[in-house]
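Spelled out, the chains give:
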Amino acid sequence: MLEIYIPKADFSDDMSWTVNEIFSRFLGIEFSLIESDKDVYEICHKGKKISINQTFSFMKDNWLSDQSLPDTCINYVELHSIEWHVNSYFSDIPILYGDKKITCSDKEIYIGLDIIGTIFFLLSMYSESVVEEKDRHQRVLLENSFLYKSGLYSRPIVNEHIELLRGALLALWPDLKFKKRMFTKTITCDVDRMYECESHSFFWLIRRVILNAARGKFLKETALLFGNYFSNTSKIKDESYKNLLWILSKNKEIGNKVIFYFIAGSSSLFMDTCYKINDQIVKGIIKKISKAGHIIGIHLSYNTSVSYKSALKELRTLEGTLKSVNISQYLSLSRQHYLKWNQCI
């Protein structure tokens, strides 16, 4: 088992999570974490050692400040200058934190790149908590992100750093066995709409009338909307419902498994959906999805990104709905409506 020594200043839940992601999730190696008085990370096993530079401290005074972000003028390490093989599509590796110094001997390797800090920075999306420029939904736009400004947004930097580390581990311990990587497809569908909201909700009817007026479609569209509202007592299945059936049919033909994310509550009158998770139409499609072997996830409503209690309430509501139709599936997958996310929750 590898022994991983962590500088005392960095020994935190954030660090434990990062190390676990690297060594358990990606590499599949058993390890133990040990607090250290040194100012570098160390990986020790059978009298040999890998030392990794530590520059992105989890406890610095400039936490969540502009000063804690890397420079957008990126330096690189050329892979041909490294003494061990690094499996990579690229000929170099970017340095976000740390430096170019890399040394290698029979019993010890030193890596100047701060692999641990860099991976935490990227996986946690740390920079999005620092960037002040947001859109109207309080999201960081691509052009305002660190990765875009540094020209790195199309590179798998986490994987590149892990491959650098994997190569170093094999250079010292060639008998190490890693988790076998398997390609998988993850197909998802956000269920934002199930039926024509305007046909049964006066609020949604007036909302659509106002939107149509703003778009210059007032007379003809408005007449149709009011006609549907006053002539229908049941909910009208619209194109969204038909699209769900199409997705089920096509993926059955191909043999794909799909994750369907359902909204189970409303935290914004204007931004969330009108369907209710306990409506018979919704329960019916949920049963079809489950029977076909697909997965149900929760699509947390607009303002749950800043309300843990609201998010938990919606989770419990969807759990209750699944139970009411005899579906025993653990809800472990979620996606925020409008992709809004606040790391404080």
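Look up: the structure comes first, before these words.
A brief structural summary.

Thresholds, definitions, all that
- Within each chain, residues carry numbers counting from 1 in the order of the written sequence.
- With the structure being a predicted model, the display of local features is reserved for residues of pLDDT at least 70 and the display and counting of side-chain atom pairs for 80 or more, all residues being used for whole-chain, interface and lining totals.
- Derived side-chain values reflect all non-hydrogen atoms in the structure, with water molecules and hydrogen atoms excluded from consideration.
- What makes two strands pair is DSSP finding at least two bridges between them.
- Helix and strand definitions here come from DSSP, where helices need a minimum of 4 consecutive H or I residues and strands a minimum of 2 consecutive E residues; each element is numbered from the N-terminal end.
- Note on definitions: angles span 0 to 180 degrees between N-to-C directions of axes, and those axes are lines fitted to C-alpha atoms, for helices only across the stretch in contact.
- Residue contacts are counted whenever heavy atoms from the two residues lie within 4.5 Å of one another.
- The rule is simple: put a 1 Å grid over the protein atoms alone, call a set of points where a 1.4 Å probe fits but cannot get out a cavity, call an open set with protein on both sides within 12 Å along at least five of seven lines a pocket, and count a residue as lining if it has an atom within 4 Å of a point.
- Grid points are joined across faces, edges and corners, and a volume is the space filled by probe spheres set on the points.
- Put simply, Ala, Val, Leu, Ile, Met, Phe, Trp, Tyr, Cys and Pro go in the nonpolar bin, Asp, Glu, Lys and Arg in the charged bin, and everything else, Gly too, in the polar bin.
- Think of a salt bridge as a Lys or Arg side-chain nitrogen and an Asp or Glu carboxyl oxygen that are within 4 Å of each other.
- For each residue, the accessible area found with a 1.4 Å probe, counting protein chains only, is set against the maximum for its type, and the residue is called buried under 20%, exposed over 50%, and partly exposed in between.
- Seen with its strands pointing away from the viewer, a crossover is right-handed when the path leading from the first strand over the helix to the second is clockwise.

## Things to note about the sheet that holds strand E11 (residues 295-300)
Link 1 in the chain: Pairing is parallel across the open sheet formed by 4 strands, whose spatial order is E9-E10-E11-E12. Each edge of the sheet is formed by a strand with only one pairing partner; in this case those strands are strand E9 (187-191) and strand E12 (334-336). Across the sheet, the axes of successive neighbouring strands diverge by a mean angle of 30 degrees, strand direction being ignored.
Link 2 in the chain: Pairing analysis gives 3 bridges linking E11 to E12, with the strands arranged parallel. Bridge pairing links His299 to Arg335 in E12.
Link 3 in the chain: Helix H8 (residues 280-291) contacts strand E10 (258-262) and E11 of the sheet and is inclined by roughly 160 degrees relative to E10.
Link 4 in the chain: Its contacts with the sheet put helix H9 (residues 308-324) on E10 and E11, and the angle it makes with E11 is roughly 150 degrees.

## Comments concerning empty space enclosed by the protein
Link 1 in the chain: One pass over the full model with this rule turns up 1 cavity of 30 Å³ or more.
Link 2 in the chain: Of the voids in this model, the largest cavity is the one considered here, and its volume is about 30 Å³.
Link 3 in the chain: Taken together, Ile4, Ile6, Phe23, Tyr41, Ile43, Ile52 and Ile116 form the lining of the largest cavity.
Link 4 in the chain: The residue inventory of the lining of the largest cavity, partitioned by class, reads 7 nonpolar, no polar and no charged.

## Re the layout of surface pockets
Using a probe with the size of a water molecule, rolled over the atoms, empty space left in the structure can be pinpointed.
Link 1 in the chain: Put simply, the second largest pocket is a space of about 410 Å³.
Link 2 in the chain: Every residue lining the second largest pocket is counted, 16 residues in all, and those nearest its centre are Leu300, Ala311, Ser334, Gln336 and Trp341.
Link 3 in the chain: Contributions of two or more residues to the lining of the second largest pocket are made by E11, H9 and E12.
Link 4 in the chain: Top contributing element to the lining of the second largest pocket by residue count: H9, with 4 residues.

## Overview of the pattern of salt bridges
Link 1 in the chain: According to the stated counting rule, one finds 13 salt bridges in the structure shown.
Link 2 in the chain: Notably, a salt bridge pairs Asp190 with Arg335, separated by 2.7 Å at the nearest N-O pair. Of this pair, Asp190 sits in strand E9 while Arg335 sits in strand E12, placing them 145 residues apart in sequence.
Link 3 in the chain: What makes Asp190 partly exposed here is its relative accessible area of 29%.
Link 4 in the chain: Relative accessible area serves as the criterion here: at 24%, Arg335 is assigned to the partly exposed category.
Link 5 in the chain: Ionic contacts of the salt-bridge type, sharing partners, join the residues Lys38, Glu42, Lys49 and Glu108 into one network.

## Quick look at the pairing of E10
Link 1 in the chain: Of all 5 residues that make up E10, 5 are buried, and the element is covered over most of its length.
Link 2 in the chain: Residues Val258, Phe260 and Phe262 line one face of E10 and the alternating positions Ile259 and Tyr261 line the opposite face, and both faces are buried.
Link 3 in the chain: Where E9 lies against E10, 5 bridges are found, and the strand directions are parallel. Opposite Cys189, over in E10, you have Phe260 as the bridge partner.
Link 4 in the chain: As paired elements, E10 and E11 share 4 bridges and run parallel to each other. Paired with Phe260 across the bridge in E11 is Ile296.
Link 5 in the chain: With H8 bridging E10 and the parallel E11, this β-α-β connection has right-handed handedness.

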